[in-house]
Every structure is written in C-alpha cells, then in structure tokens.
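Residue-level structural notes
Residues per chain, in single letters:
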Amino acid sequence: MRMHWDDLPAATRDAVAARTGPIYATRTTDKGANSEIAATLDTGAGRIFVKGLRCDHPRVWTQQREAAINPYVAPLAPRLLWALDDGAWNLLGFENLDGPHADYSPGSDDLPLVAEAIIALSHVHAPPEIELKQIEQRLADYVDHPDDAALLRGDTVLHTDWTPDNVLIVEGAARVVDWAWPTRGAAWIDAACWVLWLIAAGHDPAEAELWAAKTPAWSTAPTRALDVFAVAQRRLWDSIAADSPDVSWKQDLAAAANQWTTYRRA
C-alpha cells in the first residue's frame, strides 16, 4: 500500500533531510506498484524523487539491486543521488525527471524516442559483479522445454517492464524509470517486451513488430526464439490476468499477448 511522506518515522525523514537540506514540500506519486513510498520532494538541494520499502519487506533486495545497476544504466535511467538504510526504511534518492509518460498509440511522436532508448539499453552488457536475474530463469515456468528457455539467454541488461508508466519523455528523449527487476538476457528481449505494450495501445501485431524491428538487436533473434518468447508471454499474462479479473490493464496485456501469439502462429 502506497504511503505518504509524513507517514515515515520522523527519524527517517530527518536522515533524508540531512542529505538534501530542508524539505519544503512533498507529493506522493500514484504510479508504480513496487514501492511503499514514492514521492517527489522539494528540498534545499532541489527537487528529487524518493522511493523505498521497509527494511523487513520481502522485496527490499530490489532496492539494493536497483542501486547497484544504476551506474550502468544512467543516464537512460535517472541518476541515483544517495541510498539510505536506517534499519527501519531502505530509501533511494534520484534526480527528478519532469516530463509526461510516453504515448504508445499509433502515430505517436514518442515511438521513435522509445525505440532509441531500447537501442541504447541493448548495448549495455550485464556487469559480472552484480547478481542479476536471468530471463531464462524468470520464464522457466512458461516454456515447454529447457532448450526453449536457452534461446532467451544472453549477456545484456534488460529492463523488461515497458509499461508507459515507466517511460518519461524528458527534453526530447525517453528516460526509463523503475529498475527494480534488472535482468540478464538476449539483447532483443526488451524490444519484444515492448511489442506487447504496443499491441495493447492499439497497434496490430505486424505494426508492433515493425517498431521492434527498428532496434538492430531484433534482427539477431531467431524466429524460434521469438515464437517461444511470445508463447511464454501469453502464458505469463494469462496467469496474471486470471489472478486479477477486475484489473483492466492486466486483462489488456493478456489479450495483447494472445493476439501476438496468434499472429506469429499464422
């Protein structure tokens, strides 16, 4: 459940103020689902964005992973300014990005900018010193055979969650936020993840794949690998949608994944 800044313990807020200077105003964001606290702060050091979880939260490791990967994915990602763990809360302070969320609808001027961001990320090699989830592990339950999962293997840093909520258009460029689940895998996979969101935004599958094909890494994906990935996404989103029948965006993604699989089979 999303909390407000003033819900944090006074000692935690004071520890942040020691890094930022006085905090004059705060605004809780309603986007994202990974953080218990997500707020924009107007401070003596300027405007910053803070996200975090309680130290005893079972996903607090995602905070640590996001902090570790930041130097490798900035400036595509907002720059991490500081990290705080006071024994009660684990918080990350980032440069604030001020811009609208990307528009994925057909004809949007944002689409080339998102493609450029995916291209930039496809050149980032996974640092060996950081233990990242592997895409073939994350999707192991949704493929028919380990050999199929191996088709997804690679050494590129992936974001994997290309919801428009995670993409901001800032000064003519797409910036990507929420790096709680950086993943190691084949360089074409982020473009393939984008395909689903494009279909959900109104593109037909052929149009969505044409946008994905604007990223050079897409051409490195074997046809069999794309087929395996599409089926895995359908199974994944069917499962997610079945658990949340009243959440419209999850139903939309499940429908998009089914459209894509049907297209690829044809």
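Please refer to the structure placed before this passage.
Rules used in this analysis
- What you see as residue numbers is a count from 1 along each chain, following the sequence as written.
- Only residues with pLDDT of at least 70 are given local features in this predicted model, and only at 80 or more are side-chain atom pairs given and counted; all residues enter the totals for whole chains, interfaces and linings.
- As a rule here, side-chain values cover all heavy atoms of the structure and leave hydrogens and water aside.
- One bridge is not enough; two strands pair if DSSP finds at least two bridges between them.
- Numbering goes from the N terminus for both helices and strands, where a helix is a DSSP run of H or I of at least four residues and a strand is a run of E of at least two.
- Remark: exposure states derive from per-residue accessible area (1.4 Å probe, protein chains only) relative to the maximum for the residue type, with buried under 20%, exposed over 50%, and partly exposed in between.
- The arc in question is the one traced by the directions running from the helix axis out to the C-beta atoms.
- Contacts are assigned to residue pairs with any non-hydrogen atoms lying within 4.5 Å of each other.
- Any Phe, Tyr or Trp ring, taking Trp's six-membered ring, that has another such ring centre within 6.5 Å forms a pair; planes under 30 degrees apart are called stacked, those over 60 apart edge-to-face, and the others tilted.
- Here, over-ring charges are defined by two tests on the NZ atom of lysine or the CZ atom of arginine: distance to the ring centre within 6 Å, and angle to the ring normal within 35 degrees.
- Under the rule applied, a polar contact is a pair of N or O atoms within 3.5 Å (in protein, one hydrogen donor and one hydrogen acceptor; residues adjacent in sequence only if both atoms are side-chain atoms).
- Residue types Ala, Val, Leu, Ile, Met, Phe, Trp, Tyr and Cys, when buried and joined through side-chain atoms within 4.5 Å, form a set referred to as a nonpolar core.
- Axes, fitted as lines to C-alpha atoms, cover a helix only where it is in contact. Angles between the N-to-C directions of the axes lie from 0 to 180 degrees.

1. Side note on the sheet that holds strand S7 (residues 156-158)
Taking strand neighbours across the sheet as the criterion, the 3 strands line up as S6-S10-S7 in an open arrangement whose pairing is mixed. The outermost strands of the open sheet, each flanked by one partner alone, are strand S6 (133-134) and S7. Pairing of S6 with strand S10 (residues 183-185), which is carried by 2 bridges, proceeds in the parallel orientation. Looking at the pairing, Lys133 lines up with Thr183 of S10.

2. Points about helix H1 (residues 10-20)
Considered for burial, the residues of H1 that qualify are Thr12, Ala15, Val16 and Thr20. Down the axis, H1 shows its buried residues gathered within 130° of arc, on one side only. Along H1, exposed side chains directed more than 90 degrees from the buried face belong to Ala11, Asp14 and Ala18. Taken together, the buried residues of H1 touch strand S1 (23-28), strand S2 (37-43), strand S3 (46-54), strand S4 (80-85) and strand S5 (89-95). One or two positions beyond H1, positive phi appears at Gly21, with a value near 85°.

3. Some details on the packing of aromatic side chains
With the rule as written, the count across this model stands at 7 aromatic pairs. Geometrically, the ring pair formed by Tyr104 and Trp194 is edge-to-face, given 6.2 Å between the ring centres and 75° between the ring planes. In this pair, Tyr104 sits in the loop between S5 and helix H3 (111-122) while Trp194 sits in helix H6 (residues 189-200), placing the two residues 90 residues apart along the sequence. By the burial criterion, Tyr104 is buried, and Trp194 matches it. Arranged with centres 6.2 Å apart and planes meeting at 20°, the rings of Trp197 and Trp249 form a pair that is stacked. Separated by 52 residues along the polypeptide, Trp197 in helix H6 and Trp249 in helix H9 (residues 248-265) bring together distant segments of the chain. You can call Trp249 partly exposed: its relative accessible area is 42%. The cationic tip of Lys214 hangs over the ring face of Trp211; the distance from NZ or CZ to the ring centre is 5.0 Å.

4. A closer look at helix H7 (residues 205-212)
An α-helical turn contains 3.6 residues, so a residue and the one three or four places further along point in the same direction. Within H7, the full set of buried residues consists of Pro205, Ala208, Glu209, Trp211 and Ala212. On an axial view of H7, the arc spanned by its buried residues comes to 155°, and they lie on one face. Its buried side turned inward, H7 meets H3, H6 and H9. Of the residues that open H7, the one with a side-chain oxygen 3.0 Å from the backbone nitrogen of Ala206 is Asp204.

5. Some thoughts on the nonpolar core
Ranked by internal contacts, the top residues of the largest apolar core, which has 62 residues, are Tyr104, Trp162, Trp188 and Trp194. With residues up to four places along the chain from it excluded, the contact list for Trp188 reads Leu151, Leu152, Ala217, Trp218, Thr220, Ala221, Ala225, Leu226 and Phe229. Among the nonpolar cores identified, the runner-up in size contains 14 residues, and Leu8, Ala39, Val50 and Leu91 belong to it.

6. Considerations on unusual backbone geometry
In this structure, Pro75 follows Ala74 across a cis peptide bond, with omega equal to 10°. Structurally, Pro75 can be placed in the loop between helix H2 (60-73) and S4. Positive phi outside glycine occurs at Thr160, with the angle close to 80°. Topologically, Thr160 is positioned in the loop between S7 and strand S8 (167-170). Residue Thr160 is classed as buried on the basis of its relative accessible area, which comes to 15%. Phi angles above zero are rare outside glycine, and Asp178 is one such case at about 65°. Mapped onto the elements of the fold, Asp178 is located in the loop between strand S9 (173-176) and S10.

7. A short note on the sheet that holds S3
Taken in spatial order, the 5 strands of this open sheet run S1-S2-S3-S5-S4, and their pairing is antiparallel. Each edge of the sheet is formed by a strand with only one pairing partner; in this case those strands are S1 and S4. Put simply, the sheet's adjacent strands are angled 25° from each other on average, direction ignored. Pairing between S4 and S5: 5 bridges, direction antiparallel. Counted as the bridge partner of Leu80 is Phe94 from S5.

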